[in-house]
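Overview (structure and organization)
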Amino acid sequence: MIKKCLFPVAGYGTRFLPATKAMPKEILPILDKPLVQYAVEEAAEAGMLDIGFVTGRGKRAIEDHFDVSYELEHQIAGTGKEKSLQGIRSLIDTCTFSYTRQITMRGLGDAILTGQAIIGDEPFGVVLADDLCIGDEQGVLSQMLALFKQYRCSIVAVEEVPKNQTGSYGIVDGEALGDRLIRVTDMIEKPTPAEAPTNLAIIGRYILTPDIFEILRTTPAGKNGEVQITDALLQQAKTGCVMAYKFKGRRFDCGSIDGFVAATNYYYDQYKKGGC
Ligand code: UTP
């Protein structure tokens, strides 16, 4: 039903300097797999097989990762190492990959608007690959897709965060429609704990309807001088409908050292148990 998924990866990844000086943050591995591969796997599981990247300077490694390396494959052909490439090879065989560049880093909203060239006029997923999500039973995008089928409007994934962390997120408020679903009436980007109406934080998973592009085109720069997707979504919520969904599963903020180490420990435990 939704075929396209957008991956804005143009950010500088300053929290991971110097590691991200010459390497995209999204290529940092959790165990032996880059963050961006976990993210594309989640999109593919949801049936979103047309993968679009909004890249920037210094992000070429992402394109190379989603391409065949004939020399390498020839080198390890017939050895036990072949199986290490099976996962990425199957993504390359089942998905298509498109790239467009954000020329100036004007914020996530601007990166998504840049992706219109790839998306066109249809609903689409958005994944921020530095949020590594492990869904219960099914991936977070799959869970959101099931809701989209019902409501046909933009959906953001949210989780409860400690009140003293609201300043790192877009925070939503609204009318509860059930245990996990909220119809959004308000959204604030990076509020102080005192300003925050709730502790429901938007994480890096969205399903957006294409009218968001028209809204983004006229959304002025907001917090930190960046075009914020939160501001555009608030306008969409006011004129139409936006849902916030408390996903089933857990998320690691791998854009931060603490989250990255927690994700590594989690996957290492699974690996030791023979689970991955
Ligand atoms: P972040 O706020 O995590 O920024 O962006 P960042 O540059 O990646 O990392 P830090 O904070 O400097 O360490 C959230 C997402 O939006 C993308 C980023 O690539 C990331 O996936 N983004 C942000 C863009 O694509 N373009 C922008 O102008 C800003």
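The following refers to the structure shown.

Regarding the overall build of the protein chain
A tally of helices and strands in the protein chain yields 10 helices and 13 strands. Over its C-alpha trace the protein chain gives a radius of gyration of 18 Å, about what one expects of a compact globule, namely 19 Å for 276 residues. C-alpha extents for the protein chain along the principal axes are approximately 60 × 40 × 40 Å. Put simply, the protein chain has 276 residues, and 50% of those count as buried. In the protein chain, of all internal contacts separated by at least 6 residues, the share reaching a separation of at least 24 is 77%. Accessible surface for the protein chain amounts to roughly 13,200 Å². Of this, 49% is attributable to carbon and sulfur atoms. Across the protein chain, the centroid of the 30 positively charged side chains sits 2 Å from that of the 35 negatively charged ones.

Comments concerning the site of the ligand
The local shell around the ligand holds 18 residues, among which Thr14, Arg15, Lys25, Gln102 and Gly107 are the closest. In the environment of the ligand, an oxygen atom lies 3.0 Å from a nitrogen or oxygen atom belonging to the backbone of alanine 10. Here the residues of the shell around the ligand are counted per class, giving 8 nonpolar, 5 polar and 5 charged.

Focus: the side chain of threonine 209
Relative to the elements of secondary structure, threonine 209 occurs in the loop between β11 (200-208) and α8 (211-217). Polar side-chain contacts of threonine 209 include one of 2.6 Å to the side chain of aspartate 211. Setting aside chain neighbours within four positions, we find threonine 209 in contact with Pro123, Phe124, Phe148, Arg152, Cys153, Ser154 and Gln236.

What about helix α10 (residues 257-272)?
Taking 1.5 Å as the rise per residue, α10 with 16 residues should run 22 Å; its terminal C-alpha atoms sit 22 Å apart, in good agreement. Burial in α10 covers these residues: Gly259, Phe260, Ala263 and Tyr267. Along the axis of α10, the buried positions cluster into a sector of 100°, meaning they face one direction only. Exposed side chains of α10 directed beyond 90 degrees from the buried face belong to Asp258 and Lys272. Packing partners of the buried residues in α10 comprise β2 (29-30), α1 (35-45), β7 (131-135) and β13 (249-253). Of the residues trailing α10, glycine 274 is marked for its positive phi of about 85°.

A look at the state of the cysteines
Taken as a whole and assessed by the stated rule, the structure comprises 0 disulfides. Not engaged in a disulfide, the cysteine cysteine 254 finds its nearest cysteine sulfur in cysteine 133; these two sulfurs lie 9.2 Å apart.

Let's talk about the environment of isoleucine 203
Note that isoleucine 203 resides in strand β11. Under the relative-accessibility criterion, isoleucine 203 is labelled buried at 2%. When the C-alpha atoms of isoleucine 203 and glycine 170 are compared, they prove to be 8.2 Å apart, with 33 residues separating the residues in sequence. Those residues within four positions of isoleucine 203 in sequence are excluded, and the remaining contacts are Asp131, Cys133, Ala157, Glu159, Phe247 and Arg251.

Comments concerning the side chain of glutamine 228
Topologically, glutamine 228 is positioned in the loop between α8 and α9 (229-239). Owing to a relative accessible area of 4%, glutamine 228 belongs among the buried residues under this scheme. With residues near it in sequence (within four places) discarded, glutamine 228 still touches Gly109, Glu189, Thr219 and Lys223.

Focus on the packing of α1 against helix α4 (residues 86-94)
Think of two packed helices as two axes; the pair is described by the angle between the axes and how far apart they sit. At a minimum axis distance of 11 Å, the contact between α1 and α4 shows a crossing angle of 50°. Classed by the angle they form, the pair α1 and α4 counts as oblique. In the crossing of α1 with α4, the sense of the turn from one axis to the other is left-handed. Two secondary-structure elements touch here, α1 through Gln37, Val40, Glu41 and Ala44 and α4 through Gly87, Ile88 and Leu91. Each residue belonging to the contact of α1 with α4 can be placed in one class, and the counts come to 4 nonpolar, 2 polar and 1 charged.

Observations concerning the nonpolar core
Counting residues in hydrophobic clusters, the biggest one holds 41 residues, and the most contacted among them are Phe7, Val40, Met48, Phe53 and Phe66. Secondary-structure elements contributing two or more residues to this core are β1 (4-8), α1, β4 (50-55), α4, α7 (140-151), β8 (154-160), β11 and β12 (242-246). Considering every element that reaches this core, the biggest residue donor is α7, with 6 residues. Apart from residues no more than four positions distant in its own chain, phenylalanine 53 is found in contact with Phe7, Val9, Val36, Val40, Ile62, Phe66, Phe97, Ser98, Tyr99, Thr100 and Ile118. Core analysis: the second largest hydrophobic core is formed by 31 residues, Val126, Val184, Leu216 and Val242 among them.

Reading the values: rules and limits
Residues numbered from 1 in each chain as written. Predicted model: local features only at pLDDT ≥ 70, side-chain atom pairs only at ≥ 80, totals over all residues. Heavy atoms only, no water. Helix = DSSP H or I, 4+ residues; strand = E, 2+ residues; numbered from the N terminus. Rg over C-alpha atoms; globule rule 2.2 N^0.38 Å. Buried < 20%, exposed > 50% of the residue type's maximum accessible area, 1.4 Å probe, protein only. Contact = heavy atoms within 4.5 Å. Areas by Shrake-Rupley, 256 points an atom, 1.4 Å probe, with all protein chains shown as cover. Lys, Arg positive; Asp, Glu negative; His and termini not counted. Charge placed at Lys NZ, Arg CZ, Asp CG, Glu CD. Near = heavy atom within 4 Å. Polar contact = N/O pair within 3.5 Å; in protein donor to acceptor, adjacent residues only side chain to side chain. Nonpolar A, V, L, I, M, F, W, Y, C, P; charged D, E, K, R; others polar. Expected span 1.5 Å × (residues − 1). Arc of directions from axis to C-beta. Disulfide = S-S within 2.5 Å. Axes fitted to C-alpha atoms, helices over the stretch in contact; angles between N-to-C directions. Parallel < 35°, antiparallel > 145°, perpendicular 65-115°, else oblique. Left-handed = near helix turned anticlockwise from the far one by under 90°. Core = buried A, V, L, I, M, F, W, Y, C linked by side-chain atoms within 4.5 Å.

Remember, this is a structural readout, not a statement about activity or role.
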